[in-house]
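Chain and residue survey
For reference, the chains in residue letters:
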Amino acid sequence: MNPHRRTLLASAIVAGLATTVPVNLHAAQRGKAAASAAGLAPTPPMGWNSWNSFATTITEAQALENARIMAQQLLPAGYDIFTVDIQWYEPNANSYEYRKDAQLTMDEYGRLLPAPNRFPSSADGGGFKTLANQVHQLGMKFGIHVMRGIPRQAVRQNTPVLGTPYRAQDIANTNSVCGWNSDMYGVDMSKPGAQAYYDSIFRLYASWGVDFVKMDDMSRPYQDNWREIEAAHKAIAAAGRPITLSLSPGETDLKWGLHVPHYAQMWRISDDFWDEWKMLDAQFQRLENWNRYMGPNAWPDADMLPLGRLALGKRDTKFTPDEQQTLMTLWSIARSPLIMGGDLRHLDERTLGLLTNPEVLAVNQRSTANQPHHADAGTRIWTARPADADRSHYVALFNAGDKPAELVFDLSRLDLGGRTVACRDLWARRDVDRVTGSLRRTLPPHGSALLRLTA
């Protein structure tokens, strides 16, 4: 567990009540609440998601193409969660825009199903079972994206809630709507049948073999939706299959930092992240703010990696090579989940190298005591400890400015002052000159360095 979480006194709103909770008490409570989720995400999840490259449009054939490449190229490095993103139930989805009042594929109980014209193996009620089996046979886990709530189409048709005398109109909160997608209404968790509806959809996902659910429209704002977050957690516990829960999107308010780890294994800390420097620059502060809540089975998520071929195949990432390295360095030292977003059918050697550098991935997956340090304006510095050595430290240096800059880090901040220490460049995967007193690196604009120092 992150040491900050053991000592922090934080204000939280848990179960709708504002309370002040010591973190050691929170940890004990969380241990009980997360018993059914134990081991789901002991390290930051790694995988691939279709959104950055396919938007709403991915088909079964395209999914399998990417899954096979992922199994060959990325799975050996640890990327093992393959996720089909939004609107797999919309037969005519065709862009990054959502068609208002589109006809959705749905069963008689108001539960969304894959559109058979896009996912042929889902015909005759098969759902994602066949696709999930194929992903599993490749040695990976299968994930889907879902929206919070119940389909508006189900409410219009007033479909029954499976296993209950209630119907969609009995549980829908028609005042709870997503501002950017018209597929769903929220569910009023005070109504009889509400939890049964969530139980029914997660039992369906479990029957398909789903291992990972990215649940959207959860944090805008969190205080309006926490009951449905808890409902999803309860439904997963009752579903009979371990399912990792990822909450998206939105900049979750920090006052919920002692609530969200009870109910999800990862949660977004920003709106959609794309390949623009201003967005990357903003993630530094968010990851610093959320660092105290990070630990096993609780990963603040800085969002997917928009690298390689993106946007329905129309372009490659706009990040410069230095910015791409900075992205991977920051996500690794802050232990954000690593979810590749580019079309793997166009995966180039340089991007593959960024994604699979074993020394960098060790920082993301196995480091401890990760923490940011006070730095001069325009620079950021993080440190961490390797899991395999007592006398080593990781140091990540970032030049967030628009001009080259020399960064200086006094080794006394790591109890290494006055010593000469060995230095290894993790990106270059080679030892470099030993360091005495202070670490100095000149970095290009938006550039970074990730080093391992050993006394």
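Values in this document were obtained by computation on a predicted structure and should not be read as measured data.

**What to know about the packing of aromatic side chains**
Within this structure, the stated rule accounts for 21 aromatic pairs. Through a chain of ring-to-ring contacts, three or more aromatic side chains come together here, namely Trp 88, Tyr 89, Phe 119, Phe 128, Phe 142, Phe 202, Tyr 205 and Trp 208.

**Here's the deal with empty space enclosed by the protein**
Tallied over the full model, the rule gives 4 cavities of 30 Å³ or more. Quantified by volume, the largest cavity comes out at close to 120 Å³. Lining the largest cavity we find 16 residues, and of these Lys 214, Ser 246, Met 266, Asp 301 and Ile 339 sit closest to its centre. For the lining of the largest cavity, the elements supplying multiple residues, two or more each, are strand E3 (46-49), strand E4 (81-84), strand E9 (212-216), strand E10 (244-247) and strand E11 (266-268). The dominant element in the lining of the largest cavity, judged by the number of residues it contributes, is E3, at 3 residues. The space that makes up the second largest cavity amounts to roughly 80 Å³. As for the second largest cavity, its lining consists of Trp 88, Tyr 89, Leu 112, Val 146, Met 147, Gly 149, Pro 151, Met 184, Tyr 197, Ile 201 and Tyr 205. In terms of residue count, helix H8 (residues 194-208) provides more of the lining of the second largest cavity than any other element does, 3 residues in total. Along the lines of polarity and charge, the residues of the lining of the second largest cavity split into 10 nonpolar, 1 polar and no charged.

**Focus: the layout of surface pockets**
Each pocket or cavity is described by its volume, and for the largest pocket that value is around 210 Å³. Along the walls of the largest pocket sit 14 residues, with Asn 173, Ser 176, Val 187, Asp 224 and Glu 228 positioned nearest its centre. Residue assignment for the lining of the largest pocket shows that the elements contributing at least two residues are strand E7 (172-177) and helix H9 (222-239). With 4 residues, the single largest contributor to the lining of the largest pocket is H9. Counted by class, the lining of the largest pocket contains 4 nonpolar, 3 polar and 7 charged residues.

**Here's the deal with the domain arrangement of the chain**
One can read the domain layout of the chain as domain 1 (37-356) and domain 2 (379-454). Computed from C-alpha coordinates alone, the two centres of domain 1 and domain 2 are separated by 35 Å. On the side of domain 2, 16 residues touch domain 1, which itself brings 17 residues to the contact. In total, domain 1 and domain 2 occlude about 1500 Å² of area from one another, counting both sides; carbon and sulfur atoms represent 65% of this. Inspection of the region where domain 1 meets domain 2 yields 1 salt bridge. We note a salt bridge from Arg 380 to Glu 288, for which the minimum N-O separation is 2.8 Å. Run the count over domain 1 and domain 2 and you get 8 residue pairs in polar contact (both at pLDDT 80 or more). Those elements giving two or more residues to the side of domain 1 that touches domain 2 turn out to be helix H11 (277-290) and helix H12 (321-333). Looking at the side of domain 1 that touches domain 2 element by element, the count peaks at 8 residues for H12. Looking at the side of domain 1 that touches domain 2, its residues break down into 8 nonpolar, 5 polar and 4 charged.

**Some points on the sheet that holds strand E21 (residues 430-436)**
Reading across from one edge, E16-E17-E18-E23-E20-E21 is the order of the 6 strands in this open sheet, with antiparallel pairing throughout. The open sheet terminates on both sides in strands that have one partner only, identified here as strand E16 (368-373) and E21. Across the sheet, the mean angle separating the axes of adjacent strands is 25° when strand polarity is ignored. Direction of pairing for strand E18 (residues 392-399) relative to strand E23 (residues 448-454): antiparallel, over a ladder of 7 bridges. What sits directly across from Val 395, in E23, is Leu 451.

**So, the side chain of Glu 288**
Here Glu 288 shows up in helix H11. A distance of 2.8 Å separates the side chain of Glu 288 from the side chain of Arg 380, its partner in a polar contact.

**Quick word on H11**
When the terminal C-alpha atoms of H11 are compared, their 20 Å separation across 14 residues agrees well with the 20 Å that a helix rising 1.5 Å per residue should span. The complete set of buried residues in H11 reads Trp 277, Leu 280, Gln 283, Phe 284, Arg 286, Leu 287, Glu 288 and Trp 290.

Reading guide: rules and limits
- Residues numbered from 1 in each chain as written.
- Predicted model: local features only at pLDDT ≥ 70, side-chain atom pairs only at ≥ 80, totals over all residues.
- Heavy atoms only, no water.
- Phe/Tyr/Trp six-rings, centres within 6.5 Å; stacked < 30°, edge-to-face > 60°.
- 1 Å grid on protein atoms, 1.4 Å probe; cavity = no way out; pocket = protein on both sides within 12 Å on 5 of 7 lines; lining within 4 Å.
- Points joined across faces, edges and corners; volume = space filled by probe spheres on them.
- Helix = DSSP H or I, 4+ residues; strand = E, 2+ residues; numbered from the N terminus.
- Nonpolar A, V, L, I, M, F, W, Y, C, P; charged D, E, K, R; others polar.
- Domains from an automatic or database assignment.
- Contact = heavy atoms within 4.5 Å.
- Buried area = accessible area lost by both parts, 1.4 Å probe.
- Salt bridge = Lys/Arg side-chain N within 4 Å of Asp/Glu carboxyl O.
- Polar contact = N/O pair within 3.5 Å; in protein donor to acceptor, adjacent residues only side chain to side chain.
- Pairing = 2+ DSSP bridges.
- Axes fitted to C-alpha atoms, helices over the stretch in contact; angles between N-to-C directions.
- Expected span 1.5 Å × (residues − 1).
- Buried < 20%, exposed > 50% of the residue type's maximum accessible area, 1.4 Å probe, protein only.

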